[in-house]
Structure formats: C-alpha cells, structure tokens
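Close look at the chain arrangement
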Protein chains: 2
Amino acid sequence: MNVSPVTDLPEISAGDDLAALIAERADGDVDVVCVASTVVSKAEGRARDLADFPAGPRAHEIADRLAELSGDEKDPRFAQAVLEESTELLMDEPFLLTETRFGHVSVNAGIDRSNVPENDILLLPKRPSESARRLSDELGVPVIVTDTCGRPFRHGQRGVAIGWAGLSASRDWRGEHDRDGRELGVTVESVVDELAAAANLVLGEGAGGNPVAVVDGFDMDGFDGSDNLFRAVEGDFVRQALRGWSYAGH
Amino acid sequence: MNVSPVTDLPEISAGDDLAALIAERADGDVDVVCVASTVVSKAEGRARDLADFPAGPRAHEIADRLAELSGDEKDPRFAQAVLEESTELLMDEPFLLTETRFGHVSVNAGIDRSNVPENDILLLPKRPSESARRLSDELGVPVIVTDTCGRPFRHGQRGVAIGWAGLSASRDWRGEHDRDGRELGVTVESVVDELAAAANLVLGEGAGGNPVAVVDGFDMDGFDGSDNLFRAVEGDFVRQALRGWSYAGH
C-alpha cells in the first residue's frame with residue numbers, strides 16, 4: 001500500500017473546484033483520495049469571522065468560566081460558534097467537547113483558528129460525507145474527508161475520517177476465523193479511520209504541508225462493509241459517563 | 001510512504017527468534033517495522049490456559065454479574081486473568097475496561113482468545129516497549145508493537161501502538177506555523193499510533209493474515225519528538241468521569 005501527498009496544490013478559496021485541482025495533480029493508480037477537512041471547508045466557504053457569532057448568554061457564561069479556569073481571556077463569540085456547530089455539549093469545562101451536527105465528537109466542534117488567512121476561524125464542512133460524495137463523483141474514486149483530533153486514554157492527536165464516500169467505513173471480520181478455526185476477536189475494523197491516520201503521516205499541518213494524499217494498493221475485496229462510524233450515545237458508555245460528570249466536583 | 005506486509009512468516013511459538021524470522025523476510029528499504037502483539041506474545045511465551053488463573057472472590061463476582069447482564073455463561077478464570085494483567089479496572093460492567101500494567105487502556109486487558117492454537121488465551125506482552133527495544137536492537141531499525149482496540153465515540157477497532165523503540169511516540173508541531181504565520185491548532189501528533197493504524201490495513205487478522213508490516217518512506221526529520229503515549233488519569237477527564245460512573249444507574 002502506498003500513501004503519497006499530492007503536491008503543489010494552491011491556497012484554496014471559496015468556490016474553487018477542489019476536485020479539478022486534485023485531478024490535475026494526482027497521477028498514477030489511485031484507490032482512495034484523502035482530503036484534509038481544512039481545504040474542503042475553504043472551498044465550501046466555511047471560513048467565518050467571530051463578528052458573525054454574536055454571543056448569547058450561554059456563550060458568555062461558558063467563556064467566563066473557561067477564562068476563570070485558564071487565567072486567559074476567552075472570546076464568547078468563539079463559544080457561540082462552537083454551540084451553533086454542535087448538537088450536544090459533552091463537556092463544558094475545562095474545555096468544550098461537543099458532538100457536531102454530523103455526529104463527530106471533538107473539541108470545539110472541530111473549529112480551526114489557524115489555516116485561515118483572511119478570516120478568524122474555519123468551521124468543519126457542514127456535511128462531510130456529502131462533500132466526500134461530490135468529490136468522489138468528480139474524481140471517480142473513493143474519497144475520505146479527514147480531520148485530526150485527540151482522544152481519551154492516549155496522548156496526542158491522530159488523523160480520523162469525518163466523511164467518506166465510495167467505500168465502506170469499516171471492514172467486517174465477523175464470521176472470519178484464525179488459522180486454527182477460532183472466531184476472531186476483532187470484528188469491525190474502521191478502515192476509513194486507519195486510512196485517515198496513514199494519510200495524516202504524509203500530510204503535515206505546517207507551512208509546507210500538503211492537504212491531500214492518495215492511497216494506492218488498498219482494497220476491500222472479500223469483506224462485508226458497514227457504514228457506521230459515529231457511535232450513538234445508547235451504546236457508548238463513555239459518553240454516558242460524561243453526562244453524569246462534572247469537572248468542578250473533581 | 002509504502003506499507004507492506006512481511007509474508008510467509010511461520011506460526012510463532014515460545015522461544016522463537018522473532019527478529020531473525022522477520023530479518024530473513026523483510027527486504028528492501030525499511031524505516032519502521034510494525035509487529036502485531038500476538039506474535040510478540042507467542043515468542044515470549046505469553047500463551048496461557050484458564051487453569052493457570054484460579055478465580056478469587058472478586059473474579060467470581062465479576063463473572064456472575066457479566067453473565068447476568070449478557071445471559072451467557074462467563075468463566076471466572078478469564079476475569080481473574082484480566083485482573084492479574086491490570087492495575088485499574090475503569091469499568092466492570094457491561095464489560096471489563098482496564099489499564100494494563102504498562103499503561104494501555106483496553107477491554108479485557110487486551111487478552112486474546114483467538115490466535116492461540118495450543119492454549120486458551122494469549123496475554124499481551126508484559127512490557128511491549130521492552131519487546132520493541134529488543135527487536136529494534138536486533139533488526140537495526142525502529143520497531144512498533146501494535147494491537148487493535150476499540151474507542152469511545154467511534155465504532156470499530158483500529159490499530160494502535162502499545163510499545164515502541166527507536167523512534168519517538170509523537171511528532172511535536174509546537175512552534176510550527178501555518179502558511180500565514182499563525183500557530184497551528186494541532187500540537188502533538190501520535191505518529192506511532194498512525195503508523196500502527198497504517199500497518200493494520202495490510203496486516204489482517206484472518207487465516208491468511210500477516211502479523212508484520214514494514215514501512216518505507218517515513219521520517220521524523222525536523223521534528224521534536226515526545227515519548228508520552230498513555231495518558232495519566234490526572235489529565236484525562238474521560239477517565240475521571242468513568243471513575244464516578246456506574247452502568248447499573250443508567
């Protein structure tokens with residue numbers, strides 16, 4: 001399996017034909033294209049200014065509390081932007097952990113404060129799997145929209161998929177057996193997340209970073225796929241635990 | 001970056017010289033070798049029978065409760081094995097989520113019930129980073145010991161690193177800037193986990209699965225590294241939340 005960056009992509013602005021810009025630069029065999037959400041957001045016009053988010057009372061309350069905890073000033077308009085991009089606030093201190101409107105759990109609803117030359121912030125794509133679908137239709141290959149985020153239990157961030165089209169989210173190993181005929185412990189492998197992680201190794205975030213990577217030599221042949229990626233709270237005991245938890249009490 | 005399986009590795013048994021068996025089969029340029037924990041465990045003699053774990057009262061209590069919740073019989077000796085491999089039980093129902101003795105949070109202390117032809121269960125390596133160090137010293141390249149496990153918020157399992165040697169766990173982007181000179185939102189990238197995820201895409205778990213992959217074309221040049229991978233509970237709010245949570249109450 002080969003993972004390579006697509007180089008020399010220009011700075012992306014609202015309205016740019018991202019698929020065409022990628023197609024001109026991605027040569028050779030391509031099984032999957034991984035696109036950083038930053039450039040998808042830029043092409044879709046998701047850069048915003050804080051002035052676009054006049055803060056309500058809840059955002060003021062959140063910003064005051066975060067400022068008190070951190071000792072740094074916090075802009076209530078940023079908290080307002082996070083609230084507007086979220087369907088649930090899983091934690092409101094000492095940072096904002098939210099579920100975005102499309103089901104992804106991340107800090108600050110995945111809103112980026114770097115990577116936007118002309119504006120204050122960059123929102124995630126509104127519906128990343130629909131973005132992936134449009135790119136995939138134009139490129140003729142499966143597409144994954146990636147982001148980087150942290151996680152419980154382990155330090156550091158890693159690449160994850162937030163949208164995908166043209167391939168299943170997971171490979172289903174149920175019914176498969178090991179060499180001795182015992183059923184496997186691993187049942188569902190999140191291939192879109194693993195591909196996003198692999199892509200993130202060659203993407204980079206810095207000034208020299210490339211936001212698109214192509215994967216060659218990956219196939220899903222012989223596997224059933226499933227298309228669940230984001231857990232519902234009913235089956236997610238960690239989310240249930242967070243509902244009953246308060247930072248102040250600890 | 002190229003990720004390829006090392007093929008034709010024989011079935012591994014206690015005492016086998018895993019490094020030599022890999023070295024004979026890994027040709028070409030190699031920057032990192034990723035080795036599934038199953039074969040490391042087998043070579044280190046970590047296969048066990050349930051008879052090795054006579055169950056104490058706590059294991060009986062856990063197994064009874066899990067049997068009650070699931071409607072299936074549960075062997076208290078398995079619960080005993082999980083307890084003996086763990087330093088903390090983060091959840092004891094509806095499944096066992098533990099911190100292993102080396103700091104990794106996983107279900108059932110990562111104990112595998114498939115992949116062991118002659119025994120009942122396979123424990124994780126005792127100190128996976130020490131295993132990686134020994135392999136790395138013999139192979140002359142960085143080594144990552146990988147496992148697959150699930151996670152909160154997202155369905156499915158993915159490859160993760162549980163031990164590493166010869167490279168840093170993370171790339172540190174602090175102080176790096178985007179094209180416009182703003183500081184990056186991503187600060188610490190867990191490259192060992194991303195490499196483990198990439199490797200897992202070509203490893204496979206089934207009868208035709210290969211337990212070793214080599215990565216070529218990855219380098220850490222120009223980055224500071226850090227060697228934290230497992231979060232301490234003090235900085236992990238999700239773990240703190242789990243301490244106060246009970247399944248029964250929900």
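Taking an unreviewed UniProt entry as the reference, chain A is identified by name as F420-0--gamma-glutamyl ligase belonging to Halococcus thailandensis JCM 13552.

**Section: the relation of the copies chain A and chain B**
Expressed as a screw transformation, the operator carrying chain A onto chain B has a rotation angle of 180° and an axial translation of 0.0 Å, and the superposed copies differ by an RMSD of 0.0 Å. On this basis, the relationship between the two copies can be described by a two-fold rotation axis. Here 100% of the contact residues of chain A are again contact residues in chain B; the copies associate through an equivalent surface.

**Concerning the packing of aromatic side chains**
Residue and element names in this part refer to chain A. Summed over all chains, the structure comprises six aromatic pairs over all chains. A network of ring pairs unites the aromatic residues Phe102, Trp164 and Phe230 as a single cluster. It is Arg113 that lies over the ring of Phe78; its NZ or CZ is 3.7 Å from the centre.

**Notes on the nonpolar core**
One finds Leu18, Val35 and Phe218 of chain A together with Leu18, Val35 and Phe218 of chain B to be the most contacted residues of the largest nonpolar core, which totals 102 residues. Contact partners of Phe218 of chain B, with chain neighbours within four places excluded, come to Leu201 of chain A together with Met1, Asp31, Val32, Leu167, Arg171, Val191 and Leu195 of chain B.

**Some thoughts on the pattern of salt bridges**
With the rule as written, the count across this model stands at 32 salt bridges over all chains. Linking Glu68 of chain A and Arg65 of chain A is a salt bridge whose minimum nitrogen-to-oxygen distance equals 3.0 Å. Residue Glu68 of chain A and its partner Arg65 of chain A are located together in helix α3 (residues 57-70), separated by three residues, close to a single helical turn. A relative accessible area of 59% means that Glu68 of chain A is categorised as exposed. The residue Arg58 of chain B makes a salt bridge to Glu61 of chain B at a minimum N-O spacing of 3.5 Å. Taken together, the residues Arg58 of chain B and Glu61 of chain B, both in helix α3 (residues 57-70) and three residues apart, mark about one turn of the helix. Exposure remark for Arg58 of chain B: the relative accessible area of 36% places this residue in the partly exposed category. According to the relative accessible area criterion, Glu61 of chain B is exposed, its value standing at 51%. Salt bridges sharing common partners tie together Glu88, Glu99, Arg239 and Arg243 of chain A.

**Notes on the packing of α3 of chain B against helix α4 (residues 76-84) of chain B**
Residue and element names in this part refer to chain B. One way to put it is that α3 packs onto α4 with a least axis distance of 8 Å and a crossing angle of 120°. Between α3 and α4, the crossing angle belongs to the class labelled oblique. At the point where α3 passes α4, the crossing takes the right-handed sense. Along its contact with α3, which presents Arg58, Ala59, His60, Ile62 and Ala63, the element α4 presents Pro76, Ala79, Gln80 and Leu83.

**Quick look at the interface of chain A and chain B**
Between chain A and chain B, the residue contacts involve 77 residues of the former and 77 residues of the latter. Carbon and sulfur atoms supply 55% of the area buried between chain A and chain B, which totals about 6,600 Å² over both sides. For the interface between chain A and chain B, the tally reads four salt bridges. The partner of Asp193 of chain B in a salt bridge is Arg151 of chain A, with the nearest N and O atoms 2.7 Å apart. Applying the counting criterion to the chain A and chain B interface returns 34 residue pairs in polar contact (both at pLDDT 80 or more). Every element with two or more residues in the side of chain A that touches chain B is listed here: β1 (2-5), β4 (86-91), β9 (158-165), β11 (188-189), α6 (191-203) and α7 (237-243) of chain A. Sort the elements by how many residues they give to the side of chain A that touches chain B and α6 of chain A lands first, with nine residues. When the residues that make up the side of chain A that touches chain B are grouped by side-chain class, the tally is 37 nonpolar, 21 polar and 19 charged.

**Re the sheet that holds strand β5 (residues 97-100) of chain B**
All names here are of chain B. Reading across from one edge, β4-β5-β6 is the order of the three strands in this open sheet, with antiparallel pairing throughout. Every interior strand has two partners, whereas the edge strands, β4 (86-91) and β6 (105-107), have only one. Across the sheet, the axes of successive neighbouring strands diverge by a mean angle of 35°, strand direction being ignored. Across four bridges, β4 lies against β5 in antiparallel orientation. Each residue of the ladder has a partner; that of Ser86, found in β5, is Thr100.

**Some details on the sheet that holds strand β6 (residues 105-107) of chain A**
Remark on secondary structure: sheet strands pair via backbone hydrogen bonds, oriented parallel or antiparallel. Residues and elements named next belong to chain A. Taking strand neighbours across the sheet as the criterion, the three strands line up as β4-β5-β6 in an open arrangement whose pairing is antiparallel. Of all strands in the sheet, those with a lone pairing partner are β4 and β6, marking the two edges. Here the average twist between neighbouring strands, direction ignored, is 35°.

**Quick notes on the domain arrangement of chain A**
Residues and elements named next belong to chain A. Split by domain assignment, chain A resolves into domain 1 (1-46 + 125-229) and domain 2 (47-124). Domain 1 puts 15 residues into the contact, and the matching count from domain 2 is 12 residues. Counting every contact that joins domain 1 to domain 2 gives one salt bridge. Our count for the domain 1 to domain 2 interface comes out at six residue pairs in polar contact (both at pLDDT 80 or more). Taken together, the elements giving at least two residues each to the side of domain 1 that touches domain 2 come down to α2 (37-43), β8 (143-149) and β9.

**Considering empty space enclosed by the protein**
Gaps left between atoms show up when a probe the size of a water molecule is rolled over them. The tally for this structure, following the rule as stated, stands at two cavities of 30 Å³ or more. What the largest cavity holds in volume is close to 80 Å³. Arg158 and Ala197 of chain A together with Arg158, Gly159 and Ala197 of chain B are the residues nearest the centre of the largest cavity, which is lined by 14 residues in total. Among the elements of the structure, β9 and α6 of chain A together with β9 (158-165) and α6 (191-203) of chain B are those that each provide at least two residues to the lining of the largest cavity. Partitioned by chemical class, the residues of the lining of the largest cavity number four nonpolar, two polar and eight charged.

Conventions adopted
Residues numbered from 1 in each chain as written. Chains lettered and ligands numbered in written order. Predicted model: local features only at pLDDT ≥ 70, side-chain atom pairs only at ≥ 80, totals over all residues. Heavy atoms only, no water. Least-squares fit on C-alpha atoms with pLDDT ≥ 70 in both. Contact = heavy atoms within 4.5 Å. Phe/Tyr/Trp six-rings, centres within 6.5 Å; stacked < 30°, edge-to-face > 60°. Lys NZ or Arg CZ within 6 Å of the ring centre and 35° of its normal. Core = buried A, V, L, I, M, F, W, Y, C linked by side-chain atoms within 4.5 Å. Buried < 20%, exposed > 50% of the residue type's maximum accessible area, 1.4 Å probe, protein only. Salt bridge = Lys/Arg side-chain N within 4 Å of Asp/Glu carboxyl O. Helix = DSSP H or I, 4+ residues; strand = E, 2+ residues; numbered from the N terminus. Axes fitted to C-alpha atoms, helices over the stretch in contact; angles between N-to-C directions. Parallel < 35°, antiparallel > 145°, perpendicular 65-115°, else oblique. Left-handed = near helix turned anticlockwise from the far one by under 90°. Buried area = accessible area lost by both parts, 1.4 Å probe. Polar contact = N/O pair within 3.5 Å; in protein donor to acceptor, adjacent residues only side chain to side chain. Nonpolar A, V, L, I, M, F, W, Y, C, P; charged D, E, K, R; others polar. Pairing = 2+ DSSP bridges. Domains from an automatic or database assignment. 1 Å grid on protein atoms, 1.4 Å probe; cavity = no way out; pocket = protein on both sides within 12 Å on 5 of 7 lines; lining within 4 Å. Points joined across faces, edges and corners; volume = space filled by probe spheres on them.

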